[in-house]
Amino acid sequence: MACDAGIDCVLPLAGVTAADAHKVAYEAVFSRSPEDLASLALFIGGSSLPVAEATLEAIETAFFGSMRVSVMLDCGGCNTTAAAVVAKIRAVGELTGRRAVILAGTGPVGMRTAALMAREGAEVALTSRDLRRARAACEAVCARTGQRVWPAEVSSASMIHDVLEGAEVVVSAGAPGVSLLAEAESTGSRTLHVLADVNAVPPLGIDGLDPTFAGERIGERRLFGALAIRRLKKQVHYACLSRLFERNDQVLDAEQIYLIARELESECAS
Amino acid sequence: MACDAGIDCVLPLAGVTAADAHKVAYEAVFSRSPEDLASLALFIGGSSLPVAEATLEAIETAFFGSMRVSVMLDCGGCNTTAAAVVAKIRAVGELTGRRAVILAGTGPVGMRTAALMAREGAEVALTSRDLRRARAACEAVCARTGQRVWPAEVSSASMIHDVLEGAEVVVSAGAPGVSLLAEAESTGSRTLHVLADVNAVPPLGIDGLDPTFAGERIGERRLFGALAIRRLKKQVHYACLSRLFERNDQVLDAEQIYLIARELESECAS
Amino acid sequence: MACDAGIDCVLPLAGVTAADAHKVAYEAVFSRSPEDLASLALFIGGSSLPVAEATLEAIETAFFGSMRVSVMLDCGGCNTTAAAVVAKIRAVGELTGRRAVILAGTGPVGMRTAALMAREGAEVALTSRDLRRARAACEAVCARTGQRVWPAEVSSASMIHDVLEGAEVVVSAGAPGVSLLAEAESTGSRTLHVLADVNAVPPLGIDGLDPTFAGERIGERRLFGALAIRRLKKQVHYACLSRLFERNDQVLDAEQIYLIARELESECAS
């Protein structure tokens, strides 16, 4: 994607440990000239959020005062995706006090979505088939952001019914091609009025939610499909990459990337 | 070579397993926008043909309908080299019914050359110092293409004499700097009328075959040296790379690459 | 840095062994066209000088006559840094017969600095906290260049006093952020008249030596700080990178890089 975005040189470094990351950051800063600092940025990808977060910390320890380069964390596209989802949902209404459910939220995208929704004032439940994994994810969210998110097990149809009880917003954050919410289940709820699904690969996460829906109204509901979310996600991603090279001191993690997503979403709307 | 050919970004990924390959292909397709699919292609290199073929299969399983990117397999330059050799030989005459010998043919280049010649109707023998390796290579060719190729052991001067008995075409496909056919042996044959050698590093695979020969006639014979073959191979390689980015659904393996080689060879001739 | 310098494609290869290096060099030469040889060059980085030197040797064995590509060795920036330091010091006076001390000189930068100063005729001592490491470094310098360099242990204040006795030039070549010479110690010497420090990260290697000093005179002394050295180092690095692609037969190691540094330093001075 960095190549798509027109970055001149992309140097992939695989299997980077925290110690490697420190060294890479150190050499990015101290082997090069101060005037070149803004021409290089570090992008933390991979698929494990704990590893990505440890990498970001290790990178920070290599910097000294203004001797630093910009850094972006987006492992598995977690921040750009979560920022796009929450910005889209936020654009159709305040989240303060709203009850939200993040289905299959233990992955990077789910955890970041839960944290950003909680930060907007929502009461967030994060589900998993395995309660312990849900708890671990909620604790990790809290440890990083101070936001409380409630864990919930969803390993049967009755459990999903319970979890959706009173929920107003539901985001399906599961793996591609895994169905999480049957049409009957979502239709049955009287409170639900925003549904979003990040999975574009059939079967969809939320059965019947057209991936191209970009906030379409069906009855009382607003629907956000994976392709519409991905379109904003891509714009956010490109805007972030561009931001990285404007200065040498950007740190783009969930919160900063969310601000960029909100700006872009409001520009689109206007 | 992709850099030489002017590809904007080349991201080398080393030590890729089949599982990695699936993931890379998946992310190349599903993390990016549909409109960007043709801007990225996967190139399978490496030196092991079985690994390359397993990688191609793993990549194919990640694609879904039109959600795919173009792929080229050319491990160790096997397809572009074999395509160039066979296109050059084919350009000086039909291969149907001809007896051909691929010397030291158990490597990727040899196996692809044998398969393409067999597909053109030749009766192909593939040699090795070790009969079991020759058999394994022939079985692999047959498993992939359905073409029958005959294994032959060549571990002595008398054996090469036997193998060349009645052969009309011989291709030396061995490692660089390994002599496979002495001048006396080739000169002795009455039936041989096409000789080609892919090894440009002295000692040559076919003693006395000038690497710059591009189909030169010596008596009844047409001779193709490694540098002449490599010139066409490079054109084929560049044409394939260019083809990869024209659409997002190309799969360039032996057969497709051979068609491109034949087109280029006939353009040169005309 | 190669990206900063405008190189079109930079392909990082990690964890390269001598066997890998041979193969990479072989394929850089023999898979590509002779007319493309000057468009690719090999850069040996990493942090271990013995590994870098073994890599360079392995690469050389892959070349054949004029079939070669240009190569530069600069592991940990050792050659460009050492060349810049010695060129700057040499520019303010002959080194023949001068007594020089390389503090903490067992790393790549220290060893290359010691070798280049010895080659200019200086009597060079190379220090370490550990005498055995100092000895090993001096032996490695001698094995490669034939230049004798004297090992010295510096593990206490009195030892540094002894080592500086009669020294005219001191170069601090230690790790970033490690103080090696207190202000009182350097001020106390009557013979010292050139001081240079390659460490720009506080605490500096030589206490009180302003990193921006580019040969400033303080009393009888000429002072070279890390930022000034790094400025020339960068010019040298860029000039070398550019040189690599002018022809296909450059081998840029300490001596060749030093010549380039001297040219650039004299251009700056004039």
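Preceding block: the structure.
Just so it is clear, the structure is predicted and the values come from calculations on it, not from any experiment.

Draft legend 1. Structural context of the pairing of strand β3 (residues 99-103) of chain A. Residues and elements named next belong to chain A. Across the five residues of β3, four count as buried, placing the element largely inside the fold. Of the pairings in the sheet, the one linking β3 to strand β4 (residues 123-128) comprises four bridges and is parallel in character. Looking at the pairing, Val101 lines up with Ala125 of β4.

Draft legend 2. Region of interest: the interface of chain A and chain B. With 13 residues of chain A at the contact, the number on the chain B side is 13 residues. Of the roughly 1,200 Å² buried between chain A and chain B on both sides combined, carbon and sulfur atoms contribute 58%. Ranking the residues of chain A by area buried against chain B places A:Asp4, A:Arg230 and A:Lys234 at the top, with a combined share of 37%. The interface formed by chain A and chain B contains three salt bridges. The salt bridge involving B:Glu35 is made with A:Lys234; its shortest N-O contact spans 3.4 Å. Applying the counting criterion to the chain A and chain B interface returns six residue pairs in polar contact (both at pLDDT 80 or more).

Draft legend 3. Region of interest: the pattern of salt bridges. Residues and elements named next belong to chain A. Applying the stated criterion across every chain yields a total of 51 salt bridges over all chains. Put simply, Arg144 and Glu53 hold a salt bridge, and the shortest N to O gap is 3.7 Å. Of the two residues, Arg144 is situated in helix α5 (residues 131-145) and Glu53 in helix α2 (residues 49-62); the sequence distance between them amounts to 91 residues. Accessibility expressed as a relative area gives 30% for Arg144, which makes it partly exposed.

Draft legend 4. View of the sheet that holds strand β5 (residues 150-153) of chain C. Residues and elements named next belong to chain C. Pairing in this open sheet of seven strands is mixed, and the strands run β5-β4-β3-β6-β7-β9-β8 from one edge to the other. Only two strands of the sheet have a single partner each, and these edge strands are β5 and β8 (214-218). Strand-to-strand twist of the sheet, defined as the mean angle between neighbouring strand axes without regard to direction, takes the value 20°. Across the sheet, helix α8 (residues 226-244) is in contact with β7 (194-197), β8 and β9 (221-224); its angle to β7 comes to roughly 75°.

Draft legend 5. Representation of the packing of aromatic side chains. Residues and elements named next belong to chain A. This structure, assessed with the given rule, holds three aromatic pairs over all chains. For the pair Tyr26 and Phe30, a centre-to-centre distance of 4.7 Å together with 35° between the ring planes defines the contact as tilted. Note that Tyr26 and Phe30 are positioned in helix α1 (residues 18-30) at a spacing of four residues, about one turn of the helix. Taking the relative accessible area as the measure of exposure, Tyr26 reaches 21% and is therefore partly exposed. Exposure remark for Phe30: the relative accessible area of 9% places this residue in the buried category.

Draft legend 6. Representation of the relation of the copies chain C and chain B in the model. Turning chain C through 120° and shifting it by 0.0 Å along the axis lays it on chain B, with an RMSD of 0.0 Å. Seen this way, the second copy is the image of the first under a three-fold rotation axis.

Draft legend 7. Expanded view of helix α9 (residues 254-269) of chain A. An ideal rise of 1.5 Å per residue puts 22 Å on 16 residues; α9(A) measures up with 22 Å between its terminal C-alpha atoms. Summarising the contacts, the buried residues of α9(A) are in contact with β2 (70-73), α3 (78-91), α4 (108-119), α5, α8 (226-244) and β10 (251-252) of chain A.

Draft legend 8. Spotlight on the interface of chain C and chain B. Contacts between the two partners involve 13 residues from chain C and, on the opposite side, 13 residues from chain B. Of the roughly 1,100 Å² buried where chain C meets chain B, counting both sides, 58% is carbon and sulfur surface. A per-residue breakdown of the area chain C buries against chain B is headed by C:Cys9, C:Leu11 and C:Phe30, which together make up 33% of the total. Linking chain C to chain B there are three salt bridges. Across the pair B:Lys234 and C:Asp36 runs a salt bridge whose closest N-O atoms are separated by 2.8 Å. Taken together, the connections running from chain C to chain B amount to six residue pairs in polar contact (both at pLDDT 80 or more).

Reading the values: rules and limits
Residues numbered from 1 in each chain as written. Chains lettered and ligands numbered in written order. Predicted model: local features only at pLDDT ≥ 70, side-chain atom pairs only at ≥ 80, totals over all residues. Heavy atoms only, no water. Buried < 20%, exposed > 50% of the residue type's maximum accessible area, 1.4 Å probe, protein only. Helix = DSSP H or I, 4+ residues; strand = E, 2+ residues; numbered from the N terminus. Pairing = 2+ DSSP bridges. Contact = heavy atoms within 4.5 Å. Buried area = accessible area lost by both parts, 1.4 Å probe. Salt bridge = Lys/Arg side-chain N within 4 Å of Asp/Glu carboxyl O. Polar contact = N/O pair within 3.5 Å; in protein donor to acceptor, adjacent residues only side chain to side chain. Axes fitted to C-alpha atoms, helices over the stretch in contact; angles between N-to-C directions. Phe/Tyr/Trp six-rings, centres within 6.5 Å; stacked < 30°, edge-to-face > 60°. Least-squares fit on C-alpha atoms with pLDDT ≥ 70 in both. Expected span 1.5 Å × (residues − 1).

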